[in-house]
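Tertiary structure, described
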Amino acid sequence: MEAVVKKNEKVLRHIVIFKFKEEASEAEVQKISDNFNVLPNYISVIQDYEWGLNDSPEDLHQDFTHCYMLTFNSEEERDSIYTPHPKHQAFVASLQPHLEKVFVVDYWTK
């Protein structure tokens, strides 16, 4: 998915970082990641999407492993379309039994 962003145009980044429970199996974690990765196919206001696994050599990650970045054009798209979307809500519900912590940061690009 390519970002539809004009030069010097601000966009809203939504960063989500997961720390899974120790007992969460590799297969469960993979299924959760796969389910997050398909959300842009169902929620058209996601302008750009990428994800990756922690690869920092610094020991500051606090066992957070999976990082996802979503891009929106407005807070309204994030709050009124993405957040309540049935596919997002189903994803959040499926995640809860396996998640120890989540860290979320949103910011407007400068």
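Our subject is the structure listed above.
Let us look at the structure shown here. (Residues numbered from 1 in each chain as written. Predicted model: local features only at pLDDT ≥ 70, side-chain atom pairs only at ≥ 80, totals over all residues. Heavy atoms only, no water.)

1. Some thoughts on the sheet that holds strand β1 (residues 12-20)
With antiparallel pairing, four strands are arranged side by side in an open sheet as β2-β3-β1-β4. For this open sheet the edge positions go to β2 (48-53) and β4 (99-108), each flanked by a neighbour on one side alone. Strand-to-strand, the axes of this sheet are offset by a mean angle of 15 degrees, without reference to chain direction. As defined by bridge partners, β2 adjoins strand β3 (residues 66-72) across six bridges and the pair is classed as antiparallel. Counted as the bridge partner of Y49 is L70 from β3. Helix α1 (residues 26-37) contacts β1, β2 and β3 of the sheet and is inclined by roughly 10 degrees relative to β3. (Pairing = 2+ DSSP bridges. Helix = DSSP H or I, 4+ residues; strand = E, 2+ residues; numbered from the N terminus. Axes fitted to C-alpha atoms, helices over the stretch in contact; angles between N-to-C directions. Contact = heavy atoms within 4.5 Å.)

2. With respect to helix α3 (residues 75-82)
Those residues of α3 that fall on the buried side of the exposure criterion are E77, R78 and Y82. Considered in projection along α3, the buried side chains sweep an arc of 100 degrees and stay on one side of the axis. Elements in contact with the buried residues of α3: β1, α1, α2 (39-42), β3, α4 (86-95) and β4. (Buried < 20%, exposed > 50% of the residue type's maximum accessible area, 1.4 Å probe, protein only. Arc of directions from axis to C-beta.)

3. Observations concerning the pattern of salt bridges
Summed over all chains, the structure comprises three salt bridges. Close ionic contact of E100 with K19 constitutes a salt bridge, the shortest N to O distance being 3.4 Å. One end of the pair, E100, is in strand β4; the other, K19, is in strand β1, and 81 residues separate them in sequence. Looking at E100, the relative accessible area reads 42%, which means it is partly exposed. Accessibility expressed as a relative area gives 14% for K19, which makes it buried. A salt bridge links D106 to R78, with the shortest nitrogen-to-oxygen separation between them at 2.9 Å. With D106 in strand β4 and R78 in helix α3, this pair connects stretches of sequence that are 28 residues apart. Accessibility expressed as a relative area gives 28% for D106, which makes it partly exposed. The class for R78 is buried, based on a relative accessible area of 15%. Taken together, the shared-partner salt bridges connect R78, D79 and D106 into one network. (Salt bridge = Lys/Arg side-chain N within 4 Å of Asp/Glu carboxyl O.)

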